[in-house]
2 protein chains.
Amino acid sequence: MKEREIPYKIYLEENEMPDKWYNVRADMKKKPAPLLNPGTLQPMTFEELQGVFCDELVKQELNDTSPFIEIPEEIRNFYKMYRPSPLIRAYCLEEKLNTPAKIYYKFEGNNTSGSHKLNSAIAQAYYAKKQGLKGVTTETGAGQWGTALSMACSYFDLDCKVYMVKVSYEQKPFRREVMRTYGASVTPSPSEETEVGRRILKEFPGTTGSLGCAISEAVEAAVSREGYRYVLGSVLSQVLLHQSIIGLETKAALDKYDITPDVIIGCAGGGSNLGGLIAPFMGEVLRGEKQYRFIAVEPASCPSLTRGKYAYDFCDTGKVCPLAKMYTLGSSFMPSANHAGGLRYHGMSSVLSELYDQGLMEAVSVGQTEVFEAAELFARSEGILPAPESSHAIRVAINEALKCKESGEEKTIVFGLTGTGYFDMVAYEKFHNGEMNDYIPTDDELKLSIGAMPVVE
Amino acid sequence: MKEREIPYKIYLEENEMPDKWYNVRADMKKKPAPLLNPGTLQPMTFEELQGVFCDELVKQELNDTSPFIEIPEEIRNFYKMYRPSPLIRAYCLEEKLNTPAKIYYKFEGNNTSGSHKLNSAIAQAYYAKKQGLKGVTTETGAGQWGTALSMACSYFDLDCKVYMVKVSYEQKPFRREVMRTYGASVTPSPSEETEVGRRILKEFPGTTGSLGCAISEAVEAAVSREGYRYVLGSVLSQVLLHQSIIGLETKAALDKYDITPDVIIGCAGGGSNLGGLIAPFMGEVLRGEKQYRFIAVEPASCPSLTRGKYAYDFCDTGKVCPLAKMYTLGSSFMPSANHAGGLRYHGMSSVLSELYDQGLMEAVSVGQTEVFEAAELFARSEGILPAPESSHAIRVAINEALKCKESGEEKTIVFGLTGTGYFDMVAYEKFHNGEMNDYIPTDDELKLSIGAMPVVE
């Protein structure tokens, strides 16, 4: 056992917790491209967006100049219920790997929603409440975002309407019941409740739904109802802003012990966790103060950064949302079945896409089996059962630590452990039974979906 | 919102963590009655017990004189992976209840096993490893104990063999997969692996198993195999000793802010959580230094303290274990189906039974529906999804807080939140659908099972 000069867990005191979010866009010389109105191909205006999103959130979405935005006291009070989250030194994993590397992970699974999603859910619910709204609508696939939003709405006595992809609604009854426990109404999508739902049901009577369809229903339910707005759990710049709490706490905890990371690693689906984790460190790089390596890890089955195109595309398969410039596989891309539901998005947040395009961040893709091997090794040594999504970051952190073992370097590796795998035991079961699917899309498949994208000059 | 002079969560620093367990028996003038050999009705000796349990654990089981027992460094290192657990001030619940009471809860769900069981599992695994054993065997019903033991054995590279009641094995595949993830071998019981299993399968070909049968198989597997011992997750005095870490941390955190509790509440099945939580406070009472109210909360469907008899009884339905003097409903008592699997034990730890008999502790029983009402209220206000077992304590803590609301008293209430309900969503679903079972055993039923107990003079 190595000598433990650093505590196993670094907790911040309540008074050391950040009281402002950090907006990395403010320090970017070349800003992420704006959202475009798909009809006019002009940047979306405040007025166009405020019918769908809360006013304050639209302001945050459009604000790429203010580096710090104050966290309202009500949100800070809620954060105190489960934050600061611990920054954990992976002593046991290091020992198991016999590596000279020092591994730290920021653990965001310490709340009932089981993931980092709650950081943005509570902010979005708060602004909806403050605006005097009755409720919010959203879609959920696997259910992590829906769970987080239900908790947040319950806290502010806000109505919460979740459209859950029908196949998940039926096959993941536990997630559904968690949302109901927090008072949300959960509707299997497509439903008879919306025009688009009825149309789809008529066209495809036996359909089990899709995320694209659930988004369309949630957006329709929000805009057609007095006092409701639509909310989204990733991809948007406002969500990355709220998630900067992860990075700010991580940095404060490292600073407290004079630790400088060499490499910072996170899994990336829509990009909200990774964007939040790296934000303040990336800020230092952008301001020319420091140098770090940043690694985005995506599944080989849905490789938007490593094999996608940087272009304007629809954010949803239903094509009702604005166009965003991002690394994308095309909104018609359907990833093969895998167990990291949170990483199956065809595109990547505009902020991360731009940073990647500027060469400030690396990206790698990893296969499912190697991810679960890392997950199991991690569980057995660190005691935490990781979510499949989070395990993508674990895989690459372990790979980096093993490189240090070969080279003898004592690098400091920090990675984001976004959540727990309690609701993912079907995936672990398949892994134990050797039934993992390691399918990787062919070049022809990607050519097809990327070729079907809208052409925006 | 009340002014928050106390932080939402009170964490201890690593150097404030207890380095000794507290053995409440040492301060009891009248000690708990000893375990008896069912054949001779004489107290079990070290030699008789060491074939089943590890030597060091037998010593702890028989030691009712040493008040403090050092926690070995290896166990303290493991504790640091998930301890100290937070003592949380339930500000949001207080506000929802509009009570002047101050409510604190000690949250033991902050680890993958999802409950306090890990505190003893790691200790038992450590002593097995230290004795040079190859592995341990145990039984599990709902799976919380089996999960905790699997994690602990994985940490010490110890073989772990879990006999899981067949009906749970089939209906709770997720718990099973968690154990497999940690490297345990999980066998549905009854199995063909043991003599007793084969006999039972022959006698009752279609049986779905029982805890009694699984215990018998686990004990046989341990004693018939070179280098194996049997371990148990509750009831025994050694387990209460390990669980004293809960109470010691709670007391240290309260002392840090000069808080004196008026009432301390815990759910009680076999008694390990409650016994651990109250231990150091009870010590003060026994030594005449302080006064507190202690409340044990049990399910109305399995009311060993409130409606049982204080007498010698078998610890298991298979009648292979020693006799223990305890409040018991008789080892043949079969509680009606309920969702608090951890509280369905027919008896109560000898230590708690004796303290209750001496009038030092109160006990109440509560129905399932009222427990889940409390659970949901708690989840919505505090954000943590509680296990059904833990929710028994929540129910009574809320009841006490509501009494304070009526009387205007500012009492300080502390309760133990033993774990999370992630694997209990079937129970929540039944609650949402109004399908709870609130059956309470009749006097005649209890007369029957209590009447069937062995007569020990």
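Residues numbered from 1 in each chain as written. Chains lettered and ligands numbered in written order. Predicted model: local features only at pLDDT ≥ 70, side-chain atom pairs only at ≥ 80, totals over all residues. Heavy atoms only, no water.

Peer 1: Can you lay out the interface of chain A and chain B for me, pointing to particular residues and giving the numbers?
Peer 2: Each partner contributes to the interface: chain A provides 46 residues, whereas chain B provides 46 residues. Summing the contributions of chain A and of chain B, the shared interface buries around 4,100 Å²; its carbon and sulfur component is 54%. Ranking the residues of chain A by area buried against chain B places Met-81, Thr-181 and Tyr-422 of chain A at the top, with a combined share of 17%. Counting the contacts that link chain A with chain B gives two salt bridges. For Glu-429 of chain A, the salt bridge goes to Arg-176 of chain B, with nearest N and O atoms at 2.9 Å. At the junction of chain A with chain B, the criterion picks out 21 residue pairs in polar contact (both at pLDDT 80 or more). Those elements giving two or more residues to the side of chain A that touches chain B turn out to be helix 3 (73-82), helix 4 (91-97), helix 6 (144-155), helix 8 (173-181), helix 15 (368-382) and helix 17 (425-432) of chain A. (Contact = heavy atoms within 4.5 Å. Buried area = accessible area lost by both parts, 1.4 Å probe. Salt bridge = Lys/Arg side-chain N within 4 Å of Asp/Glu carboxyl O. Polar contact = N/O pair within 3.5 Å; in protein donor to acceptor, adjacent residues only side chain to side chain. Helix = DSSP H or I, 4+ residues; strand = E, 2+ residues; numbered from the N terminus.)

Peer 1: Which residues make up the packing of aromatic side chains, and what are the values?
Peer 2: Residues and elements named next belong to chain A. Applying the stated criterion to the full structure yields 41 aromatic pairs over all chains. Judged by centre distance (5.5 Å) and plane angle (50 degrees), the ring pair of Tyr-22 and Phe-68 falls under tilted. In this pair, Tyr-22 is assigned in strand 2 (residues 20-22) and Phe-68 in strand 3 (residues 68-70), connecting sequence segments 46 residues apart. Overall, the relative accessible area of 3% leaves Tyr-22 in the buried class. A centroid spacing of 5.8 Å and a plane angle of 50 degrees characterise the contact between Tyr-126 and Phe-156, whose relative ring orientation is tilted. Linking Tyr-126 in helix 5 (residues 118-130) with Phe-156 in the loop between helix 6 and strand 7 (159-165), this pair joins segments that are 30 residues apart in sequence. Each member of the pair, Tyr-126 as well as Phe-156, carries the same accessibility label: buried. Aromatic rings pair up to connect Phe-78, Tyr-79, Tyr-82, Tyr-126, Tyr-127, Tyr-155 and Phe-156 into one cluster. Sitting above the plane of the Tyr-310 ring, Lys-325 keeps its charged end 4.5 Å from the centroid. (Phe/Tyr/Trp six-rings, centres within 6.5 Å; stacked < 30°, edge-to-face > 60°. Buried < 20%, exposed > 50% of the residue type's maximum accessible area, 1.4 Å probe, protein only. Lys NZ or Arg CZ within 6 Å of the ring centre and 35° of its normal.)

Peer 1: Summarise unusual backbone geometry; cite the residues concerned and give the values.
Peer 2: Residue and element names in this part refer to chain A. With omega at -5 degrees, the peptide bond leading from Arg-83 into Pro-84 counts as cis. Along the polypeptide, Pro-84 turns up in the loop between helix 3 and strand 4 (87-89). Phi angles above zero are rare outside glycine, and Val-235 is one such case at about 65 degrees. One can find Val-235 in the loop between strand 9 (228-230) and helix 11 (237-256).

Peer 1: Tell me about the domain arrangement of chain A, and name the residues and values.
Peer 2: Residues and elements named next belong to chain A. We note that the domain assignment places domain 1 (9-17 + 72-114 + 237-451) and domain 2 (30-69 + 117-230) within chain A. For domain 1 versus domain 2, the distance between C-alpha centres works out to 23 Å. Contact residues are listed per partner, giving 41 residues for domain 1 and 37 residues for domain 2. Taken over both partners, the interface formed by domain 1 and domain 2 buries close to 3,500 Å², and the fraction arising from carbon and sulfur atoms is 63%. Between the two partners, domain 1 and domain 2, sit one salt bridge. Put simply, Glu-354 and Lys-30 hold a salt bridge, and the shortest N to O gap is 3.4 Å. Run the count over domain 1 and domain 2 and you get 14 residue pairs in polar contact (both at pLDDT 80 or more). (Domains from an automatic or database assignment.)

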